[in-house]
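What the coordinates show
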Amino acid sequence: MGQIELKQVTKSFGDVQVIPPLDLTIHDGEFTVFVGPSGCGKSTLLRLIAGLEDITTGHIEIDGKDATALVPAKRGLAMVFQSYALYPHMSVRKNIAFPLRMAKMDSAEIDKRVNAAASVLNLTDYLDRRPGQLSGGQRQRVAIGRAIVREPAAFLFDEPLSNLDAALRVGMRLEISELHKRLETTMVYVTHDQVEAMTMADKIVVLQAGVIEQVGTPLELYRAPRNTFVAGFIGSPRMNLIEGPEAAKHDAATIGVRPEHIDVVESGGQWQGTVGVAEHLGSDTFFHIHNTGLAETLTVRAIGDVSLQHGDTIHLNPRADEIHRFDAQGLRIAK
Amino acid sequence: MARAVTTNRKIITTAVAWTIALILFFPIFWTILTSFKTEAQAINDPPLFFNFDWTLENYAVVQERSDYMKFLWNSIIIAGGSTILGILIAIPAAWSMAFVPSVRTKDILLWMLSTKMLPAVGVLYPISLIFVEFNLLDTRLGLIVVLMLINLPIIVWMLYTYFREIPGEILEAARMDGATLRDEILYVLTPMAVPGIASTLLLNFILAWNEAFWTLNLTAANAAPLTAFIASYSSPEGLFFAKLSAASTMAIAPILILGWFSQKQLVRGLTFGAVK
Amino acid sequence: MATKASRSAARVMMAPAVVLLLGWMLVPLIMTLWFSFTKYLPLRGDSIERGLDWVGFSNYSRFISSNAFWPSVQTTLIMVGGVLLITVVLGVLLAMLLDQPLWGQGVVRILVIAPFFVMPTVSALVWKNMLMDPVNGIFSHLWRFFGAEPVAWLQDASLTSIIMIASWQWLPFATLILLTAIQSLDSEQLEAAEMDGAPALKRFWFIVLPHLGRAITIVILIQTIFLLSIFAEIFVTTGGAFGTRTLTYLIFQRVIDSQNIGLGSAGGVYAIILANIVAIFLMRIVGKNLDA
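Residues numbered from 1 in each chain as written. Chains lettered and ligands numbered in written order. Predicted model: local features only at pLDDT ≥ 70, side-chain atom pairs only at ≥ 80, totals over all residues.

Stated precisely, the cut-off is as follows: UniProt positions are given in the numbering used here, feature names are shortened, and annotations may be inferred rather than shown by experiment.
Chain C is annotated in an unreviewed UniProt entry as Trehalose transport system permease protein SugA of Thalassobacter stenotrophicus. Checking UniProt for chain C, the heading Sequence similarities (unreviewed entry) contains the comment "Belongs to the binding-protein-dependent transport system permease family." Of the comments in the UniProt record for chain C, the one headed Subcellular location (unreviewed entry) reads "Cell membrane".

An unreviewed UniProt entry annotates chain A as Maltose/maltodextrin import ATP-binding protein MalK originating from Thalassobacter stenotrophicus.

Below, the structure is given as structure tokens:
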């Protein structure tokens, strides 16, 4: 079991309220990702759930029991930190065994669980090393190992991949996803990287300034962003947001079109501009287009290699059924 | 990037540095050397460097005149006891300041340090009265308590600076792993801070060993440590250079040997943790 | 940031240290204050049990008007200032020297640090006899070797001698702290300055010295704490004679030698005030430098 409920939770540091009243339910077994720009309160929210910070008002319930006043150790949650927070003076084995030792488990059981975790995480050969002798990816796995041996109600991840290089990050992303599939335990994962959010999450919580902007599955957020903030935050490259007369044509204050929903045509497109930078990736080409009269820069993704260069004129057609409309408050207007 | 240095320059630097180092070390060297001379050789003109008859006679005389072992034992108990007691009290305090800082943390730290500025002599008489009242005069326990108190601010300060280098996330991880506060300090913080604690221990042991106000004024025959042992040689009794040297060597040798073996921690400790 | 639980734990764990130091500070301080307003001469039969005569501020005015008071303040300041000046200046130079590549760095460092580990009574005795003795001391041999008249150091240049002894004890400390600070200086900064055309002296003045600011502050702070209460060095060398009577020593004489507790306590209060003036001044600087 691992259902976490936040009820009217707020957090203030002194006079500054970083989290205004917030309600959220994380269901058992769900992989929930908190995503948002840095300083949006996502890590604070995770630390509130962990019990490393007190909530100012409101309640936190874990599996239906009030956990608001419980110390971290009593909440039955495990956490993987950004810096991994391994104990440098202990071997990998002792690191992974530490939570079990704290729980006063008998040593035969500890050995069994540590060995099982190590074999799942490919750490068996490293059990007697110190964290200092491991690579970044291995340290990450030790941190995860330390979390899984306890069989917690839920895992909390605080930007666990941000210290890894790009290649390793993709690999670890898959490993964590697979781990979730196998354990079917609730996971709460904080990241500022929307690609991680999109690829891993069952449910994404988009936060800005402590406020939940939208909660939904990755595709819900992609297809129907609730406001311009979510529209701009989810999706890569970013959605083009266009204001002014062009938006007015669609009865909206702002319209949004994703780069992949604009087609490049030979001539006579609805929109045109000059190519500023063309990024040729082979499979796709990204154009950053100026002088469209719509927005300062328009980003367009074309499939395959389209041979337009800097300074060329480009003709574009947005797909009419993929245009998102927002009102003056930035809220989505239903179709 | 360090750049290549010409050999010439290195030779000059080496020569200058060694000259200065030897001059600074000379008083200690000369004392040790003189302790192996006879009294007559000790005041020979010109001074004798190595061309004399080495003798251990002075050490025997000093040991006979004043029971060295008793003073040494007192020094060890007093310096060791006060340092360990101080560390035990300081570790929790330093944990609080380093990991649960509040707006007042810095003020408390500075206030603690400022208690060291209180001139000892200003409170000598009251302390003596209290010592008489509690039968602590000329006891090792009394000195352990006093030296612990005068070094406590430095111990707290040093541990605080060392603890601050330890990432708070690791302690939070321990808390998540189910560690109680006691477990957290015992199994995670203390082992991680071993180098810093060792430096603190060593430096304060030496400060306590060398403390020469309270140890001179609050002891007589029973609890007197080596500072008092050597002070008893301050009034000359005829020709006594060699014996003074022997006594001095005996007083400083334990610390010099300790320093030699724990150079790294000492160098770290001598900066009081204040400079990295 | 932390939770309420850890904050209250922190308060509890800080309590022993704070309470002990508070007691250590307040109890004797209050007793000293009390004695300073009374006539308290134990040798003439005064004692707390029989009650002490309240004499108001007369001990204070007597202490300050005694012709030993101002000279002792002056001696204290000259001694502390002199040692600080010598150790900081020589310390910076020595630290820069030891920062250069040289053979036997480890041994040199040990030799330089060694004086710090010599207990004050020993160094005072060694300097007084082995080095400064006007007949048999090394200095007198040296002076005679160059055809000069040996100096009776502790009589004719007594304060200078004490400053020399204390500087010898504290130079290692200053050097070591400053050396550690110099080693933490990013050499790219110096190289950038060199590329910008700054000559060595300017590089020292505008980059090295400001970088050492914090370390120098710490040297001054810690040394002042220890130097203000210097005792053994005077106790075993001059016994306070020949113009080496610091405030600390003057009070010591009043309390112990003359057994005039009231008068000595008044002196103690003056010493505490002096120390506090210095402390406030230092704490300001340190407080500012602490966060850096």
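Some words on the overall build of chain A
Put simply, the rule reads: In this description a helix means any DSSP run of H or I spanning at least four residues, a strand means any run of E spanning at least two, and both kinds are numbered starting from the N terminus. To sort residues by exposure, count the other C-beta atoms lying within 10 Å of each residue's C-beta; 20 or more gives buried, 12 or fewer gives exposed, and values between give partly exposed, all with C-beta atoms placed from the backbone. Our contact criterion uses C-beta atoms placed from the backbone: two residues qualify when those atoms are within 7 Å.
Within chain A, the secondary structure is distributed over 9 helices and 18 strands. Taken over the C-alpha atoms alone, chain A extends approximately 75 × 45 × 35 Å along its principal axes. Per-residue burial for chain A yields a buried fraction of 40% across its 335 residues. In chain A, of all internal contacts separated by at least 6 residues, the share reaching a separation of at least 24 is 64%.

Digging into the interface of chain A and chain B
Taken residue by residue, the interface counts 18 residues in chain A and 14 residues in chain B. Broken down by secondary-structure element, the contributors of at least two residues to the side of chain A that touches chain B are strand S6 (77–80) and helix H2 (92–102) of chain A.

Focus on the confidence of the model for chain C
All names here are of chain C. Our working definition: Confidence scores here are pLDDT values: one per residue, from the predictor, ranging 0 to 100.
Confidence along chain C averages 83 in pLDDT terms, with 97% of residues attaining 70 or more. No element of chain C has a lower mean pLDDT than helix H7 (residues 153–156), at 77, and none a higher one than helix H3 (residues 69–99), at 90. Complex prediction metrics read pTM 0.85 and ipTM 0.83.

Focus: the UniProt feature "domain: ABC transporter" (unreviewed entry) in chain A
Listed under "domain: ABC transporter" (unreviewed entry) in the UniProt record, and renumbered for this structure, are residues 4–234 of chain A. The span residues 4–234 of chain A is 36% helical and 26% strand by assignment, and the distance between its end C-alpha atoms comes to 25 Å.

Topic: the domain arrangement of chain A
Basically, it comes down to this: Segment limits for the domains were obtained from an automatic or database-derived domain assignment.
When its domains are assigned, chain A resolves into domain 1 (4–229) and domain 2 (237–326). Of note, the centres of domain 1 of chain A and domain 2 of chain A, computed from C-alpha atoms alone, are 38 Å apart.

Brief notes about the UniProt feature "domain: ABC transmembrane type-1" (unreviewed entry) in chain C
Here, the residues flagged by UniProt with the feature "domain: ABC transmembrane type-1" (unreviewed entry) are residues 73–282 of chain C. The straight-line gap between the two end C-alpha atoms of residues 73–282 of chain C is 18 Å; of that span, 78% is helix and 0% is strand.

So, the sheet that holds strand S10 (residues 211–216) of chain A
Residues and elements named next belong to chain A. Using the following cut-off: Paired strands are those between which DSSP finds at least two bridges. Comment: axis = line fitted to C-alpha atoms, over the contacting stretch for helices; angle = value between 0 and 180 degrees taken between N-to-C directions.
Within the open sheet, the 6 strands sit side by side as S6-S7-S8-S3-S9-S10. Their pairing is mixed. Here the strands that pair on one side only, and so sit at the sheet edges, are S6 and S10. Averaged over neighbouring strand pairs, the angle between their axes works out to 20° when direction is ignored. With 4 bridges connecting them, strand S3 (residues 31–35) and strand S9 (residues 203–208) associate as parallel partners.

What to know about the packing of helix H7 (residues 140–164) of chain B against helix H10 (residues 194–210) of chain B
Residue and element names in this part refer to chain B. Going by this rule: Should an angle lie under 35 degrees it is considered roughly parallel, over 145 roughly antiparallel, and from 65 to 115 roughly perpendicular; all remaining angles are considered oblique. Left-handed describes a crossing whose near helix is turned anticlockwise from the far helix through less than a right angle; right-handed describes the clockwise counterpart. Under the scheme applied, nonpolar residues are Ala, Val, Leu, Ile, Met, Phe, Trp, Tyr, Cys and Pro; charged residues are Asp, Glu, Lys and Arg; polar residues are all the others, including Gly.
One can describe the packing of H7 onto H10 by two numbers: an axis separation of 10 Å at closest approach and a directional angle of 155°. In terms of orientation, H7 lies roughly antiparallel with respect to H10. The crossing of H7 and H10 is right-handed. Contacts between H7 and H10 involve Leu 147, Asn 151, Ile 154, Ile 155, Met 158, Leu 159 and Tyr 162 from the first element and Gly 196, Ile 197, Thr 200, Asn 204, Leu 207 and Ala 208 from the second. Residue composition of the contact of H7 with H10, grouped by class: 9 nonpolar, 4 polar and no charged.

Observations regarding the UniProt feature "transmembrane region" (unreviewed entry) in chain C
Residue and element names in this part refer to chain C. When the UniProt feature table is mapped onto this chain numbering, "transmembrane region" (unreviewed entry) sits at residues 12–37, 77–98, 110–127, 159–182, 203–228, 234–252 and 264–286. Across residues 12–37, the secondary structure splits into 96% helix and 0% strand, with the terminal C-alpha atoms separated by 37 Å. Its end C-alpha atoms 30 Å apart, residues 77–98 is made of 100% helix and 0% strand.

Topic: the pairing of S6(A)
The two faces of the sheet receive side chains in turn, since in a regular strand these alternate between them. Residue and element names in this part refer to chain A. Because side chains alternate across S6, one face comprises the buried residues Leu 77 and Met 79, and the other comprises Ala 78 and Val 80, equally buried. Two strands pair when backbone bridges link them, and S6 and strand S7 (residues 154–158) are joined in this way by 4 bridges, in the parallel orientation. In the sheet register, Leu 77 faces S7, and the bridge partner there is Ala 154.

Regarding the nonpolar core
For soluble globular proteins, the rule of thumb is that nonpolar side chains tend to be buried together. Inclusion rule: Think of a nonpolar core as buried Ala, Val, Leu, Ile, Met, Phe, Trp, Tyr and Cys residues, each tied to the set through C-beta atoms within 7 Å.
Residues Met79(A), Leu156(A), Ala90(B), Ala94(B), Val156(B), Leu159(B) and Leu178(C) are the most contacted members of the largest nonpolar core, which totals 260 residues. Sort the elements by how many residues they give to this core and H7(B) lands first, with 17 residues. The residues contacting Val156(B), other than those within four sequence positions of it, are Ala90(B), Ala93(B), Ala94(B), Met112(B) and Ala17(C).

Details of the sheet that holds strand S12 (residues 254–257) of chain A
Residue and element names in this part refer to chain A. The strand order across the open sheet built from 3 strands is S11-S12-S18, with neighbouring strands paired in antiparallel fashion. Strands at the two margins of the open sheet, each flanked by one partner only, are strand S11 (240–243) and strand S18 (324–326). Put simply, the sheet's adjacent strands are angled 25° from each other on average, direction ignored. As paired elements, S11 and S12 share 4 bridges and run antiparallel to each other. Within S12, the residue paired with Ile 242 across the bridge is Ile 255.

Focus on the pairing of S12(A)
Residue and element names in this part refer to chain A. Neither face of S12 is exposed, since Thr 254 and Gly 256 on one face and Ile 255 and Val 257 on the opposite face are all buried. Strand direction decides the pairing type here: S12 and S18, joined by 3 bridges, are antiparallel. Paired with Thr 254 across the two strands is Phe 326, which belongs to S18.

Focus: the interface of chain B and chain C
In this complex, chain B contributes 80 residues to the contact, which on the side of chain C involves 82 residues. For the side of chain B that touches chain C, the element with the most residues is helix H1 (residues 7–34) of chain B, which contributes 16 residues.

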